[in-house]
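# Structural overview
Spelled out from the first residue to the last, the chains are:
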Amino acid sequence: MRKEKVMGQPVIELKHLTKTYGKHTVVSDFQLSVEKGRICGLIGPNGAGKTTIMKMMAGLVLPDSGQMQFLGESENIDRVRRKMSFMLEAPIVDPAMSARENMRYVKYVKGIADKKKIDQMLELVKLSDTGKKKAGKFSLGMKQRLGIAMAMLSEPEILVLDEPVNGLDPEGIVEIRLLLKKLSEEKDMTILISSHILSELSELCTDFILMNHGVLIEAVRAEELLAKSRHYIAVRTDNLDKTVEILKEKLAVSQYKVIHGEELHLFEYLDDIGKVSKTITDSGFVITKLVQEGETLEQYYLSKVGAADE
């Protein structure tokens, strides 16, 4: 169960960021505010502008306009970035070195004095027993966890991760999710994470930033998202097409969707599911599913994108 974070001052603030390449605007008037200790999901399909935003935060790409503020500082951004860590697109891991050797290299480059940090971080990401095994022979999940350990070595106040679960199997996704929750809860770390795997972010994040085509669509907290997501009656029968016709004829339903020709989502009669059931069975159809559900993050996102495009 997710711990509720206390609201506080934002440690990440992006104001009116815009980035254009030639005639193509990748990010347009984008705004973001994240409070300390929150896990904020930057949600959008590939090409939505997520990576460009993170690269601007890291100083790898300069915005055409707009302002960035980290940890209350907007003037000397480079100095503040020393308290931040980034893993963009893929972890930079030397395949010829072991996990420990990769960590030692990062320790040297960042000038970290405490030798115990390597052991602590490897233990945290469950890679302390990999010994001399070369990183090139790690699974994708192990490489992702090593990348996070390398980013964590300097104990940043803000951790920025671009698609850290991309390409992972379900077990690897769960490992990363549990690790990030642990970092947030135990170290009060602020995490900004991007992904197009929306169902996974729904299990992780305390805040969601919905975007498409470089434009902010909506910023919403997890509890607000739960309240806003539309509920419906999910129906499956032995003849869905005729079931829809019967419900339209006998109950005058009009607010519904048919999903992949297999399941009906009925947005009416939520407080009288028995009437829906009786109407279907009295018409001679066999019900194989009849339950009230809420929209998934994917469904909510698609509904918001559709509304924004109208």
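Here is what the cut-offs are and how they apply
- Residues numbered from 1 in each chain as written.
- Predicted model: local features only at pLDDT ≥ 70, side-chain atom pairs only at ≥ 80, totals over all residues.
- Heavy atoms only, no water.
- Helix = DSSP H or I, 4+ residues; strand = E, 2+ residues; numbered from the N terminus.
- Buried < 20%, exposed > 50% of the residue type's maximum accessible area, 1.4 Å probe, protein only.
- Areas by Shrake-Rupley, 256 points an atom, 1.4 Å probe, with all protein chains shown as cover.
- Lys, Arg positive; Asp, Glu negative; His and termini not counted.
- Charge placed at Lys NZ, Arg CZ, Asp CG, Glu CD.
- Pairing = 2+ DSSP bridges.
- Axes fitted to C-alpha atoms, helices over the stretch in contact; angles between N-to-C directions.
- Contact = heavy atoms within 4.5 Å.
- Arc of directions from axis to C-beta.
- Core = buried A, V, L, I, M, F, W, Y, C linked by side-chain atoms within 4.5 Å.
- Salt bridge = Lys/Arg side-chain N within 4 Å of Asp/Glu carboxyl O.
- Disulfide = S-S within 2.5 Å.
- Polar contact = N/O pair within 3.5 Å; in protein donor to acceptor, adjacent residues only side chain to side chain.
- Phe/Tyr/Trp six-rings, centres within 6.5 Å; stacked < 30°, edge-to-face > 60°.
- Lys NZ or Arg CZ within 6 Å of the ring centre and 35° of its normal.

Along the chain, the regular secondary structure elements total eleven helices and 13 strands. If you line up the chain on its principal axes, its C-alpha atoms span 75 × 45 × 40 Å. Among the 310 residues that make up the chain, the fraction classed as buried is 47%. Accessible area for the chain stands at about 16000 Å²; split by element, carbon and sulfur atoms hold 50% of it. Here the chain contributes 44 positive and 46 negative side-chain charges, whose respective centroids are spaced 7 Å apart.

Where strands meet in a sheet, backbone hydrogen bonds hold them as pairs that are either parallel or antiparallel. Taken together, four strands build an open sheet; the order of strands is E11-E12-E10-E13 and the sheet is antiparallel. Strands at the two margins of the open sheet, each flanked by one partner only, are strand E11 (256-259) and strand E13 (287-294). Strand-to-strand twist of the sheet, defined as the mean angle between neighbouring strand axes without regard to direction, takes the value 20°. Bridging between E11 and strand E12 (residues 263-266) involves four bridges; their strand directions are antiparallel. Bridge pairing links tyrosine 256 to leucine 266 in E12. Along the sheet face, helix H10 (residues 273-282) touches strand E10 (231-237), E12 and E13 and points at about 160° away from the line of E13.

Taken together, the buried positions of H10 are occupied by Val276, Thr279 and Ile280. Along the axis of H10, the buried residues cluster in a sector spanning 95°; they form a single face. Of the exposed residues in H10, those oriented more than 90 degrees away from the buried face are Lys278 and Asp282. Structurally, H10 contributes buried residues whose contacts are with E10, helix H9 (240-251), E12 and E13. Directly beyond the C-terminal end of H10, a positive phi value near 90° is found at glycine 284.

Let us look at the pairing of strand E9 (residues 215-221). Bridge count for strand E8 (residues 207-212) against E9 is six bridges, and the pairing is antiparallel. For leucine 210, the partnering residue across the bridge sits in E9 and is glutamate 218. Here E8 folds back onto E9 in antiparallel fashion, the turn holding two residues, of which histidine 213 has a positive phi close to 55°.

This brings us to the nonpolar core. Of all hydrophobic cores here, the largest spans 49 residues; its most connected members are Leu146, Leu180, Leu183 and Phe208. Here this core takes seven residues from helix H5 (residues 140-152), the largest share from any one element. Apart from the residues lying within four places of it in its own chain, the contact partners of leucine 180 are Ile39, Ile148, Leu159, Leu161, Ile191, Ile193 and Leu204. Counting residues in hydrophobic clusters, the runner-up holds 29 residues, among them Val11, Met56, Ile158 and Val160.

Next up on the list: the side chain of glutamate 13. If you trace the backbone, glutamate 13 turns up in strand E1 (residues 10-21). Of the side chains with opposite charge, lysine 15 comes closest to the buried, unpaired glutamate 13, at an N-O distance of 4.3 Å. Leave out the neighbours within four places in its chain, and glutamate 13 touches Leu32, Ser33, Gln67, Met68 and Gln69.

Moving on, we come to the state of the cysteines. Inspection of every chain in the model, using the stated rule, returns zero disulfides. The thiol sulfur of cysteine 40 is not disulfide-bonded, and the nearest other cysteine sulfur, from cysteine 205, lies at 6.9 Å.

What follows covers the side chain of aspartate 162. Within the fold, aspartate 162 resides in strand E6 (residues 158-162). Buried and unpaired, aspartate 162 has lysine 50 as its nearest opposite-charge partner, separated by 6.2 Å. At 2.5 Å, the side chain of aspartate 162 forms a polar contact with the side chain of serine 194. For aspartate 162, the residues in contact, after removing those within four places along its chain, are Thr51, Met54, Met87, Leu88, Glu89 and Ser194.

Before going further, it helps to examine the packing of aromatic side chains. Aromatic rings in a pair are described by how distant their centres are and how their planes are angled relative to each other. Counted according to the given criterion, the structure contains one aromatic pair. On the numbers, 5.8 Å between centres and 70° between planes, the contact of tyrosine 232 with phenylalanine 267 is edge-to-face. With tyrosine 232 in strand E10 and phenylalanine 267 in the loop between E12 and H10, this residue pair connects regions lying 35 residues apart in the sequence. A relative accessible area of 3% means that tyrosine 232 is categorised as buried. When the ring centre of tyrosine 21 is taken as reference, the NZ or CZ atom of lysine 19 above it lies at 5.2 Å. A cation sits over an aromatic face here: arginine 230 above phenylalanine 267, 3.8 Å from the ring centre.

Right, let's talk about the pattern of salt bridges for a bit. Pairing is possible between side chains of opposite charge, provided their charged atoms come close. Under the counting rule described, the total for this entry stands at 17 salt bridges. Here arginine 100 makes a salt bridge to aspartate 119, at a shortest N to O gap of 2.5 Å. With arginine 100 in helix H3 (residues 99-110) and aspartate 119 in helix H4 (residues 116-124), this pair connects stretches of sequence that are 19 residues apart. Given the relative accessible area of 26%, arginine 100 is considered partly exposed. The exposure class of aspartate 119 is partly exposed, given its relative accessible area of 43%. Among the ionic pairs, glutamate 218 bridges to lysine 304, the shortest N-O distance being 3.9 Å.

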